[in-house]
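Structure at a glance
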Amino acid sequence: MSRRLFRALCAALCVVLSSALMSAPALAGKKRADATPAGSLAVSQPSAGEILCPATAAIGEPFVARLKLARPASKAELTFMGRSAPLVLRKSGAGMEAAIILGADVLDGRPGRQDITVRVTPALSTEGAKGGKPLTLRTGVELVKIKRPVERLTLDPAMVNPPDAELPRITRERAQTRQTLGLASAQRLWSLPFSRPAQGGLSSEYGIGRVLNGEPKSPHRGLDLEAETGDPVTAAADGVVALAGAFYYAGNCVYLDHGQGLLTMYFHLSEVRVAPGMRVARGQLLGLAGETGRSTRSHLHFGVSALGRLVDPAPLFLYDALP
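Summary of the structure given here.

**Some thoughts on the overall build of the protein**
Across its full length, the protein carries two helices and 23 strands. The buried share of the protein, taken over its 323 residues, is 42%. The long-range share in the protein, meaning contacts at least 24 apart out of those at least 6 apart in sequence, stands at 70%.

Have a look at this one:
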């Protein structure tokens, strides 16, 4: 190869490399702008507000979704997995903020991305004129499945396969509990972390598989906390008694409504010391532990429902303070 031809080939190669290097940053920048990872904001007006939540959550794990708005609003409603709840807006600087507890139920949750949508109605102007256009914010969380253990229990056969005479009662009670767990009141009484409703250790965790008298049944959708008959059972957070009574499976029980679709449940009590409609404070006595209903021993079954889905209560004892 002649020296002149070699110099020409080198010059051409330099032009090609220079062109590639100049275009690479532009391509990388476009890719980053187009990508929207789970848990981040995906809205047409990102400066107006945002939804903050984890990028991923295990099925059954509760998590907090937080709304932050740059300007005042008159109301906001959140929708997650087909169910909605009003958000309680609180002033934050020049704008407003809200928080809600969400989660998927281990009974029927499926892996994959689930959208979180908030529809915001702007506040009226100081002159009473109509505010700006309604705003819709969206983000999402990736639900993942985790492996859970299985436990085998031996119970009174009537508590596994109830006699026909008890079926109408069980049907009525299930309708009552479904209606109660469907509440999404426009108030927020809860704060984090939750207070432990019984001081005993954990004897059965959320989500474990259940085999009762040799028959596979629904997974355990609460926590079993050790307690002797007569031990105090207290409210995990401020709330209103939504339901209290004696049920076939739950025994003597209390349901507290904490607002925005969040409820807690206290089962197998020997005594109930509150009545529907009562407002209770975090740590207030609800009743006494026992072994009524479907139970093999004295203990407290503690459950949490977020927008009608039963989630793991345990993480809510561990959160940093969220007033």
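**Here we look at the pattern of salt bridges**
For the structure shown, the criterion picks out nine salt bridges. Arg169 is the partner of Glu166 in a salt bridge, and the nearest nitrogen-oxygen pair spans 3.9 Å. For Glu166, a relative accessible area of 25% puts it in the partly exposed group. One salt bridge connects Lys217 with Glu215, and the closest N-O pair in it is separated by 3.5 Å. Relative accessible area serves as the criterion here: at 30%, Glu215 is assigned to the partly exposed category.

**Concerning the packing of aromatic side chains**
Going through the model one piece at a time under the given rule, you end up with five aromatic pairs. With 5.8 Å between their ring centres and 50 degrees between their planes, Tyr255 and Phe267 make a pair best called tilted. Within this pair, whereas Tyr255 is found in strand S17 (residues 251–259), its partner Phe267 is found in strand S18 (residues 262–269), the two being separated by 12 residues in sequence. Here the two residues Tyr255 and Phe267 agree in accessibility, since each one is buried.

**Thoughts on the environment of Glu173**
Along the polypeptide, Glu173 turns up in helix H2 (residues 167–181). We classify Glu173 as buried; its relative accessible area is 10%.

**Notes on the sheet that holds strand S13 (residues 215–217)**
The mixed open sheet is built from three strands, whose spatial order is S10-S12-S13. On the outer flanks of this sheet lie strand S10 (150–153) and S13, each paired with one strand and no other. Taking each pair of neighbouring strands and ignoring which way they run, the sheet shows an average axis angle of 30 degrees. Note: strand S12 (residues 209–212) against S13, three bridges, orientation antiparallel. Note on S13: the bridge partner recorded for Leu212 is Glu215.

**Here we look at the pairing of S12**
Burial of S12 is two-sided: the residues Gly209 and Val211 facing one way and the residues Arg210 and Leu212 facing the other way are all buried. Looking at chain direction, S10 and S12 are connected through four bridges and run parallel. Paired with Arg152 across the two strands is Val211, which belongs to S12. The antiparallel pairing of S12 with S13 creates a hairpin that spans two residues between the two strands, and Asn213 there sits at a positive phi of about 50 degrees.

**Some details on the environment of Arg282**
Its place among the elements puts Arg282 in the loop between strand S20 (279–280) and strand S21 (285–288). For the pair Arg282 and Ser191, spaced 91 residues apart in sequence, the C-alpha separation works out to 9.2 Å. A polar atom in the side chain of Arg282 sits 3.3 Å from the backbone oxygen of Pro193.

**With respect to the sheet that holds strand S1 (residues 49–52)**
One open sheet accounts for four strands, arranged S1-S3-S7-S6; its pairing is antiparallel. Two strands in the sheet have a free side with no partner beyond their single neighbour: S1 and strand S6 (90–92). Pairwise comparison of adjacent strand axes, ignoring direction, gives a mean angle of 25 degrees for this sheet. Here four bridges tie S1 to strand S3 (residues 63–69), and the two strands are oriented antiparallel to one another. Opposite Ile51, over in S3, you have Leu67 as the bridge partner.

**Points about unusual backbone geometry**
Of note, the bond from Leu192 into Pro193 is cis; its omega dihedral lies within 30 degrees of zero at 0 degrees. You can see Pro193 is positioned in the loop between H2 and strand S11 (202–204).

Conventions adopted
Residues numbered from 1 in each chain as written. Predicted model: local features only at pLDDT ≥ 70, side-chain atom pairs only at ≥ 80, totals over all residues. Heavy atoms only, no water. Helix = DSSP H or I, 4+ residues; strand = E, 2+ residues; numbered from the N terminus. Buried < 20%, exposed > 50% of the residue type's maximum accessible area, 1.4 Å probe, protein only. Contact = heavy atoms within 4.5 Å. Salt bridge = Lys/Arg side-chain N within 4 Å of Asp/Glu carboxyl O. Phe/Tyr/Trp six-rings, centres within 6.5 Å; stacked < 30°, edge-to-face > 60°. Pairing = 2+ DSSP bridges. Axes fitted to C-alpha atoms, helices over the stretch in contact; angles between N-to-C directions. Polar contact = N/O pair within 3.5 Å; in protein donor to acceptor, adjacent residues only side chain to side chain.

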